[in-house]
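# Fold and geometry: a report
This is what each chain is made of:
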Amino acid sequence: MKLIDLHTHSLASDGTDSPSALVEKAHAAGLAALAVTDHDTLSGLEEAEATGRSLGISVIRGCELSTGTEHGEMHILGLWLPREAKPLQERLVFLRRKRAERNALIVEKLRGLGLAISMDDVREAARGESVGRPHIADVLLRKGYAKDSRQAFQEYLGSRGKAFVPKEVLEPEAAVRLLAGLGATVCLAHPMLQKYPGGWLEGFTGRLAGYGLTTIEAWHSEHSEADVRACLALARRFGLGVSGGSDYHGGNKPGIRLGVGRGGLRVGLDVLENLEAARRAQGLPC
Ligand code: AMP
Ligand code: ZN
Ligand code: FE
Ligand code: FE
């Protein structure tokens, strides 16, 4: 069976492969298709698509948006983004500006703790448009302030870290409506990672379906078999499609490989075919 990967990150945000290297690796791994879904930027998509065309592997234009709920973060993927996406691009400019402000506050806190780190270091570590905590973690590693990124998050950058600053995020309803308005396939990413209180996700998913959510990411590197079953049941309950991807970040998430995640991930080409059939039924382009 041919495999696909509908959730990946490149250097445009916090992955470590250039968009073309990402597509080359997916092709070398034998994948039939991949979606490039960087955080808060579309800047890697053209390069990824060009490489996809030359190698003969389908590249789906995507992005990942962070949103906030009363029970913590919720990530939303937009898939099959149109080339003309002005309202989204405007939102992304705003979110990246907020990221820059937040990164500066984090660096200030780190300096207050006596660490010799500057925004120039962070800008140097980030090679793409969307800059975030993994890039700051990189600098901390390089300067010997942490032994790995796990420790950098635990001690400084994570929600209980000494230099934590919350991120400005969208409301889930607004993110879903924005993406749905562009004709994207709107997918709730890794729903089981956040550990929402029992029963809450069901109600909230039904609510988001009303705003244009079409899909649940059932298969993900961090989902157990029970998580996958819960996602499939959730999708069935609300008549939603299902998707899957590794959330590959290259060297920034060392255990996770394209297509296969931590080893056991399998997302078949039929998953893509079903999503495409649903789009065609709605008159949307693939
Ligand atoms: P940001 O968007 O700047 O808040 O950074 C979020 C990203 O940091 C996520 O997409 C992950 O790639 C990474 N991340 C979050 N928590 C951790 C952690 N505890 N250890 C390593 N990486 C993490
Ligand atoms: Zn990331
Ligand atoms: Fe995510
Ligand atoms: Fe992701």
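Read on for an overview of the structure.

Rules used throughout
Residues numbered from 1 in each chain as written. Chains lettered and ligands numbered in written order. Predicted model: local features only at pLDDT ≥ 70, side-chain atom pairs only at ≥ 80, totals over all residues. Heavy atoms only, no water. Donors = N, O, S within 2.8 Å, 3.2 Å for Na, K, Ca; no water. Tetrahedral: all angles 85-135°; square planar, octahedral: opposite > 155°, others 65-115°. Helix = DSSP H or I, 4+ residues; strand = E, 2+ residues; numbered from the N terminus. Buried < 20%, exposed > 50% of the residue type's maximum accessible area, 1.4 Å probe, protein only. Arc of directions from axis to C-beta. Near = heavy atom within 4 Å. Polar contact = N/O pair within 3.5 Å; in protein donor to acceptor, adjacent residues only side chain to side chain. Areas by Shrake-Rupley, 256 points an atom, 1.4 Å probe, with all protein chains shown as cover. Pairing = 2+ DSSP bridges. Core = buried A, V, L, I, M, F, W, Y, C linked by side-chain atoms within 4.5 Å. Contact = heavy atoms within 4.5 Å.

Okay, the coordination of the iron ion (ligand 4) next. His-7 (NE2), His-9 (NE2), Glu-64 (OE) and Asp-247 (OD) make up the full set of protein donors to the iron ion (ligand 4), lying at 2.1 to 2.2 Å. Classification of the site at the iron ion (ligand 4) rests on its 4 donor atoms, whose angles at the metal span 79 to 171 degrees, yielding the label irregular. Within one chain, the residues serving as donors to the iron ion (ligand 4) are arranged as H-x1-H-x54-E-x182-D.

Further remarks concern unusual backbone geometry. In the Ramachandran plot, His-190 falls in the positive-phi region, its phi being about 25 degrees despite a non-glycine side chain. By the element assignment, His-190 lies in the loop between β5 (185–188) and α8 (200–211). Given the relative accessible area of 9%, His-190 is considered buried. Of note in this structure, Lys-195 is not a glycine but carries a positive phi near 55 degrees.

Quick look at helix α2 (residues 45–55) now. Looking at α2, one finds that the buried residues are Leu-45, Ala-48, Glu-49, Thr-51 and Gly-52. Angularly, the buried residues of α2 cover 165 degrees about the axis, an arc narrow enough to put them on a single face. Turned more than 90 degrees from where α2 packs its buried face, Glu-46, Arg-53 and Ser-54 sit exposed. Trailing α2 by a residue or two, Gly-56 shows a phi angle of about 80 degrees, which is positive.

Around ligand 1, the surrounding shell consists of Asp-14, His-39, Arg-99, Arg-102, Gly-132, Arg-133, Pro-134, Ser-149, Phe-153, Lys-167, His-249 and Lys-253. At 3.3 Å from an oxygen atom of ligand 1 is found a side-chain nitrogen or oxygen belonging to His-39. Interatomic distance of 3.5 Å between a side-chain N/O atom of His-249 and an oxygen atom of ligand 1. Protein coverage of the free-state accessible area of ligand 1, which is 500 Å², stands at 74%.

To continue, consider the coordination of the iron ion (ligand 3). Of the protein atoms, only Glu-64 (OE), His-75 (ND1) and His-190 (NE2) coordinate the iron ion (ligand 3), at distances of 2.0 to 2.2 Å. Spacing between the donor residues of the iron ion (ligand 3) along their common chain follows E-x10-H-x114-H.

Further remarks concern the pairing of strand β4 (residues 72–79). In terms of residue burial, β4 counts as a mostly covered element, since 6 of its 8 residues are buried. Across 8 bridges, the pairing between strand β3 (residues 58–69) and β4 is antiparallel. Across the sheet, the residue bridging to Gly-62 is Leu-79, located in β4. Counting the residues in the hairpin turn of β3 and β4 gives 2 residues. In terms of strand pairing, β4 meets β5 through 4 bridges, oriented antiparallel. Each bridged residue has a counterpart across the sheet, and for Leu-79 the counterpart in β5 is Thr-185.

Next up on the list: the nonpolar core. Counting 45 residues, the largest nonpolar core has Leu-65, Met-74, Leu-88 and Leu-179 as its most contacted members. Look past the residues within four positions of Met-74 in its chain and what remains in contact with it is Leu-65, Ser-66, Thr-67, Thr-69, Pro-172, Leu-188, Tyr-196, Trp-200, Leu-201, Phe-204 and Leu-208. In this structure, Leu-115, Ala-126, Ala-146 and Ala-152 belong to the second largest nonpolar core, which totals 20 residues.

So, about the pairing of β3. Most of β3 sits out of view: 10 of its 12 residues are buried. Alignment of strand β2 (residues 33–36) against β3, held across 4 bridges, turns out to be parallel. Note that in β3 the partner of Ala-33 across the bridge is Ser-58.

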